[in-house]
Amino acid sequence: MAAGLHISISAERLFTLGGIDITNSMFTSVLVSLLLISFAIIVKSKLKNVSKPTGIQNFAEMIIESLHGLVHGVTGDLKRTRLFFPFISTFFLVIILNNWLGLIPGVGTIRMLVNEEPTKIEEASEQSSLLVNTVQASETIAIEEDAVSENEAVVTTEESASETEEVSKEETTGEHGGPVAVPIFRPGTADINTTISLALVSIIVTQIFGVMYLKLGYFKKFINFSSPIMFFVGILELISEFAKVISFAFRLFGNIFAGEVLLVVMAFLFPVILPMPFYGLELFVGFIQALVFSMLTLVFFNMATISHDEH
Amino acid sequence: MDIQLTQILFQIINFSVVLGALTFLLYKPVIKIFDERALRIEEGQKAAEQAIKTKDELDKEKKKADNEHKKERARIINEAQEEAKQRAQEIVSTARKETKEEQAKLLEGWKEEKAQLMKEAKSEMTDAIIAISAKVIGKTLDTKAQQKLIDEEINLIIKNL
């Protein structure tokens, strides 16, 4: 059972390409991008200007029309809708696909052997054995209840803990710091670097749209000498822009990574029926998180393009 | 949890590529279709509204024409009825006139015939009476005297009739 449990808070290196370490989350993100681009190419090739679209065109139109309606509902202005729509829908599609990809069997369990740096190996083995021990301990507690005597149970706990350590070391580091078994796929959104990059794009584009619409007047939001209170508010606004990046990045990462851990642990404890409701929950969480990220970005875009006088 | 600038840059580039690809391959063409469809629907609605307007106008014209036709029909029927009445009156009056004329003619003919018959009867009676008288009185009067006597007697009989 312990062989199925692999939890790592950071993405793991799969290979190096042109001096850049390609992690499993980068690999999965690229896979998601390729999926989306392929879908777009297929849709474009089958696009027909008909009154009753069918098949893949119908599906694409359904998604795009829903998202377009959502954006237009917030902006209320076609010009703004057309400007914001590509960003919002791309955020939504990229995030939801990354989130849901983590639920596909094989993602997180199909592994390849990778030569790790010694420091990383130690970190990984520590993390893995720590988590494995925690889960194993909870399992042992359940066993304890059925056990005849307390002494026998303690012995079992000690034995199982030492067994688990051995297994996890073998699994992650090999015998003498050799190759490590690393999951090939890891949802992009379960990596903090991906969520930070998405948050950065969102906040940078917000500033660009603000300048596009309000010109230099946009910066009055941050630098305002009209009164001491406004000056202080400006500083708070400036801080809030940085806080947005952190909030965006950690909300998405936290939710998705927590979901991944939850599923792994549930599958580890009882692999047959128990994880099913959690899979449903994670499908919902994946959708909600994509929607939250997109909607917040949309609201920030919209707010940035409306002057303070209009507020 | 290690934050690496290269990974962040990679993800930003990855997102930008997806954004560009989806914008040009998916969003723009599909939205273009939406716009064209919306335009077509709008045009269709306008055409439908125009058709409804035209239909209403045609209905009005039709009603107007119907009313005119009704009036015309009523007028024609009235005229025809009047004409028919007039014709009937004419026919009836002509018939009456003709009947009267015919009656008059018939009456005249009948009178003439009667007169003729009377005359014939009178002559026959005269002859008979003369013959009878001659036989009875055995005396033959001259023809003129006989005739005069008979006529007087016949006239007397006719008067008594």
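Just so it is clear, the model here is predicted, and its values are computed rather than measured. (Residues numbered from 1 in each chain as written. Chains lettered and ligands numbered in written order. Predicted model: local features only at pLDDT ≥ 70, side-chain atom pairs only at ≥ 80, totals over all residues.)

Student: Looking at this structure, how should I read the overall build of chain A?
Tutor: For chain A, the count of helices and strands is eight helices and four strands. Going from N to C terminus, chain A has its helices and strands arranged as β-β-α-α-α-β-α-α-β-α-α-α. The 311 residues of chain A split such that 35% are buried. Within chain A, contacts between residues at least 6 apart in sequence are counted, and of these 74% link residues at least 24 apart. (Helix = DSSP H or I, 4+ residues; strand = E, 2+ residues; numbered from the N terminus. Buried ≥ 20, exposed ≤ 12 C-beta atoms within 10 Å, placed from the backbone. Contact = placed C-beta atoms within 7 Å.)

Student: Quick question: what am I supposed to make of the overall build of chain B here?
Tutor: Summing up its helical and strand segments, chain B has two helices and zero strands in all. When each of the 161 residues of chain B is scored for burial, the buried share is 8%.

Student: Help me out: how do you make sense of the environment of G280 of chain A in this one?
Tutor: Residue and element names in this part refer to chain A. Here G280 lies in helix 8 (residues 275-304). Using a count of 11 C-beta atoms within 10 Å as the deciding quantity, one classes G280 as exposed. Separated by 177 residues in sequence, G280 and L103 have C-alpha atoms that sit 9.7 Å apart.

Student: Help me out: how do you make sense of the interface of chain A and chain B in this one?
Tutor: Interface size is often expressed as the accessible area that is lost when the parts come together. In this assembly, 34 residues from chain A lie in contact with 26 residues from chain B. When residues of the side of chain A that touches chain B are traced back to their parent elements, those giving at least two are strand 2 (20-23), helix 1 (24-45), helix 2 (55-75), helix 3 (78-101) and helix 6 (192-214) of chain A. Sort the elements by how many residues they give to the side of chain A that touches chain B and helix 1 of chain A lands first, with 10 residues. Each residue belonging to the side of chain A that touches chain B can be placed in one class, and the counts come to 21 nonpolar, 10 polar and three charged. (Nonpolar A, V, L, I, M, F, W, Y, C, P; charged D, E, K, R; others polar.)

Student: Just to check I follow, could you spell out unusual backbone geometry for this structure?
Tutor: Residues apart from glycine generally show negative phi values, whereas peptide bonds are mostly found in trans. For K215 of chain A, which is not glycine, the phi torsion reads 55 degrees and is therefore positive. In this structure, K215 of chain A sits in the loop between helix 6 and helix 7 (228-269).

Student: When you look at the packing of helix 1 (residues 5-137) of chain B against helix 2 (residues 143-160) of chain B in this model, what are you seeing that I'm missing?
Tutor: Helix-helix packing is described using two parameters, namely the angle between the two axes and the distance between the axes. Residues and elements named next belong to chain B. Here helix 1 crosses helix 2 at 120 degrees, and the two axes come no closer than 10 Å. Between helix 1 and helix 2, the crossing angle belongs to the class labelled oblique. When the axes of helix 1 and helix 2 are compared, the crossing they make is right-handed. Contacts from K122, M125, T126, I129 and I130 of helix 1 reach helix 2 at Q146, Q147, I150 and I154. Here the residues of the contact of helix 1 with helix 2 are counted per class, giving five nonpolar, three polar and one charged. (Axes fitted to C-alpha atoms, helices over the stretch in contact; angles between N-to-C directions. Parallel < 35°, antiparallel > 145°, perpendicular 65-115°, else oblique. Left-handed = near helix turned anticlockwise from the far one by under 90°.)

Student: I tried to follow the pairing of strand 1 (residues 13-17) of chain A on my own but got confused; where do I start?
Tutor: Residues in a regular strand point their side chains to alternate faces of the sheet. All names here are of chain A. The sheet contact formed by strand 1 and strand 2 spans four bridges and is antiparallel. Residue pairing in the sheet places L17 in a bridge with I20 of strand 2. Between strand 1 and strand 2, which pair antiparallel in sequence order, lie two residues; one of them, G18, sits at a positive phi of approximately 60 degrees. (Pairing = 2+ DSSP bridges.)

Student: Even after reading the chapter, I still don't get the nonpolar core, so can you show me in this structure?
Tutor: Buried together is how nonpolar side chains tend to be arranged in soluble globular proteins. Residues I88 and V94 of chain A are the most contacted members of the largest nonpolar core, which totals 50 residues. Listed by contribution, the elements that provide at least two residues to this core are helix 1, helix 2, helix 3, helix 6, helix 7 and helix 8 of chain A together with helix 1 of chain B. If one sorts the elements of this core by residue count, helix 3 of chain A sits on top with 12 residues. (Core = buried A, V, L, I, M, F, W, Y, C linked by C-beta atoms within 7 Å.)

Student: I'm lost on the confidence of the model for chain B in this one. Help?
Tutor: Detailed reading of the predicted coordinates is not advisable wherever pLDDT falls low. Taken as a whole, chain B shows an average pLDDT of 86; of its residues, 96% reach a score of 70 or greater. Per the prediction output, this complex has pTM 0.69; the corresponding ipTM is 0.79. (pLDDT = per-residue confidence, 0-100.)

Student: Just to check I follow, could you spell out helix 3 of chain A for this structure?
Tutor: Residue pairs three or four apart in sequence face the same way in an α-helix, which turns once every 3.6 residues. Residues and elements named next belong to chain A. For helix 3, with 24 residues, the first-to-last C-alpha span of 33 Å sits near the 34 Å given by 1.5 Å per residue. Along helix 3, the sharpest change in direction is near 45 degrees and occurs at F84; proline P86 comes one to four residues later. For helix 3, the buried fraction is high: 19 of the 24 residues fall into the buried class. (Expected span 1.5 Å × (residues − 1). Bend = angle between axes of the 7 residues up to and from the residue.)

Student: Got a minute to help me understand the packing of helix 6 of chain A against helix 1 of chain B in this structure?
Tutor: Remark: helix 6 of chain A packs on helix 1 of chain B, axes separated minimally by 8 Å, with the N-to-C direction vectors making an angle of 55 degrees. Accordingly, the angle class assigned to the pair helix 6 of chain A and helix 1 of chain B is oblique. For the pair helix 6 of chain A and helix 1 of chain B, the sense of crossing is right-handed. Only Q7, I8, Q11, I12 and F15 of chain B of helix 1 of chain B make contact with helix 6 of chain A, whose side of the interface consists of N193, T194, I196, S197, L198, L200 and V201 of chain A. The residue inventory of the contact of helix 6 of chain A with helix 1 of chain B, partitioned by class, reads seven nonpolar, five polar and no charged.

Student: I keep staring at the environment of G55 of chain A and nothing clicks. Help me out?
Tutor: Within the fold, G55 of chain A resides in helix 2. Along the primary structure G55 of chain A and V43 of chain A are separated by 12 residues, whereas in three dimensions their C-alpha atoms are 9.6 Å apart.

Student: Please clarify how helix 8 of chain A should be interpreted in this entry.
Tutor: Residue and element names in this part refer to chain A. Here helix 8 contains 30 residues, and its C-alpha end-to-end distance of 42 Å stays within 8% of the 44 Å for a straight helix at 1.5 Å per residue. Of all the positions in helix 8, only P275, E282, G286, Q289, A290, F293, S294, T297, L298, F300, F301 and A304 are classed as buried. On its buried face, helix 8 sits against helix 2, helix 3, helix 6 and helix 7.

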